[in-house]
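Topology and contacts: notes
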Amino acid sequence: SQQGEEDPQALSIQEGENATMNCSYKTSINNLQWYRQNSGRGLVHLILIRSNEREKHSGRLRVTLDTSKKSSSLLITASRAADTASYFCATDAGSAGTALIFGKGTTLSVSS
Amino acid sequence: GAVVSQHPSRVICKSGTSVKIECRSLDFQATTMFWYRQFPKQSLMLMATSNEGSKATYEQGVEKDKFLINHASLTLSTLTVTSAHPEDSSFYICSAAPGVWSDEQFFGPGTRLTVL
């Protein structure tokens, strides 16, 4: 069953604006990951944050993790039209090497 | 990073036929591979966990006799959709984990199955 829930389900912004997506999960995790998927294509791994980390950066991406609230956020700064895609958070079952449970995803549309 | 391939990338078949999808880890060995299914505008749902040399573990609601999984080697897992029906049309994605010590999984590019 799906563990992660993302909000918003859809987000439309203008180029240059920041986009924030949130993810909540239900059980203990070893790590949480964010993926991007362009329409009809495979997954692109964006960033992994471990349960003992609170914040992580990668280029224009910033991910936070609050294990007490069982939530994470993905911030994309200075968005570009090429950022238009669906974004999913995924959690493991509490240990490495286990299947990932995906959230429902946020569809981001960035217009120029 | 590690590479996982899937073949075919697209397949169209007639209702009632069987389709085999291959998932290969190209530059690492994977004792465990995972199969996911994604319907249009939905998220990925785990179907089964494929274990090398042993039976696959299926998620609740996934028919093991319909979705046959074979993980015969450390670099290859296959998913066979038997007696396919239009409702099986979906995007099938596999992933592989190098080992229980690895946090990261590597996803294949997916296979688009269309059953007519």
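Calculation notes
- Residues numbered from 1 in each chain as written.
- Chains lettered and ligands numbered in written order.
- Predicted model: local features only at pLDDT ≥ 70, side-chain atom pairs only at ≥ 80, totals over all residues.
- Heavy atoms only, no water.
- Contact = heavy atoms within 4.5 Å.
- Buried area = accessible area lost by both parts, 1.4 Å probe.
- Salt bridge = Lys/Arg side-chain N within 4 Å of Asp/Glu carboxyl O.
- Polar contact = N/O pair within 3.5 Å; in protein donor to acceptor, adjacent residues only side chain to side chain.
- Nonpolar A, V, L, I, M, F, W, Y, C, P; charged D, E, K, R; others polar.
- Core = buried A, V, L, I, M, F, W, Y, C linked by side-chain atoms within 4.5 Å.
- Buried < 20%, exposed > 50% of the residue type's maximum accessible area, 1.4 Å probe, protein only.
- Helix = DSSP H or I, 4+ residues; strand = E, 2+ residues; numbered from the N terminus.
- 1 Å grid on protein atoms, 1.4 Å probe; cavity = no way out; pocket = protein on both sides within 12 Å on 5 of 7 lines; lining within 4 Å.
- Points joined across faces, edges and corners; volume = space filled by probe spheres on them.
- Pairing = 2+ DSSP bridges.
- Axes fitted to C-alpha atoms, helices over the stretch in contact; angles between N-to-C directions.

Another aspect to go through is the interface of chain B and chain A. Counting from both sides, the interface comprises 21 residues of chain B and, opposite them, 22 residues of chain A. Of the roughly 1600 Å² buried where chain B meets chain A, counting both sides, 54% is carbon and sulfur surface. Connecting chain B to chain A are zero salt bridges. For the interface between chain B and chain A, the tally reads three residue pairs in polar contact (both at pLDDT 80 or more). A breakdown of the residues in the side of chain B that touches chain A according to their chemical character gives 12 nonpolar, six polar and three charged.

Turning our eyes to something else, we now look at the nonpolar core. Ranked by internal contacts, the top residues of the largest apolar core, which has 25 residues, are Val4, Trp35, Met47, Phe67, Leu79, Tyr92 and Leu113 of chain B. The set of elements that each furnish at least two residues to this core consists of β2 (10–13), β3 (19–25), β4 (32–38), β5 (44–51), β7 (67–73), β8 (76–81), β9 (90–97) and β11 (111–115) of chain B. Excluding residues that lie within four positions of it along the chain, Val4 of chain B makes contacts with Cys23, Arg24, Ser25, Phe28, Cys94, Ala96, Phe106, Phe107, Gly108 and Pro109 of chain B. Residues Leu11, Cys23, Leu32 and Trp34 of chain A belong to the second largest nonpolar core, which totals 22 residues.

Below, the discussion takes up the layout of surface pockets. Its volume calculated, the largest pocket comes out at about 510 Å³. Lining the largest pocket we find 20 residues, and of these Ser86 and Thr107 of chain A together with Pro40, Lys41 and Gln42 of chain B sit closest to its centre. At the level of secondary structure, the elements contributing two or more residues to the lining of the largest pocket comprise β9 (85–91) and β11 (106–111) of chain A. Ranked by residue count, the leading element in the lining of the largest pocket is β9 of chain A, at three residues. Here the residues of the lining of the largest pocket sort into five nonpolar, 11 polar and four charged.

Below, the discussion takes up the environment of Gln33 of chain A. By the element assignment, Gln33 of chain A lies in strand β4 (residues 31–37). When the C-alpha positions of Gln33 of chain A and Leu48 of chain A are compared, they lie 4.3 Å apart, and in sequence the two are 15 residues distant. Every residue in contact with Gln33 of chain A, bar those within four places of it in the chain, is listed here: His45, Ile47, Leu48, Phe88, Cys89, Ala90 and Leu100 of chain A together with Asp103 and Glu104 of chain B. Among the polar contacts listed, one links the side chain of Gln33 of chain A to the side chain of Asn31 of chain A, at a separation of 3.3 Å.

This next bit is on the sheet that holds β3 of chain B. All names here are of chain B. Spatial strand order, β1-β3-β8-β7: four strands in an open sheet with antiparallel pairing. Two strands lie at the open edges of the sheet, namely β1 (4–7) and β7, each paired on one side alone. Within the sheet, the average angular offset between the axes of one strand and its neighbour, ignoring direction, is 15°. With four bridges connecting them, β1 and β3 associate as antiparallel partners. When the sheet's bridge partners are listed, Gln6 is paired in β3 with Cys23.

To continue, consider the pattern of salt bridges. Counting across every chain of the model gives five salt bridges over all chains. Note that Lys56 of chain A and Glu53 of chain A form a salt bridge whose closest N and O atoms lie 3.9 Å from each other. Given a relative accessible area of 24%, Glu53 of chain A falls into the partly exposed group. A salt bridge links Glu22 of chain B to Arg24 of chain B; the nearest nitrogen and oxygen atoms lie 3.5 Å apart.

Function cannot be read off these values alone, since they describe shape.
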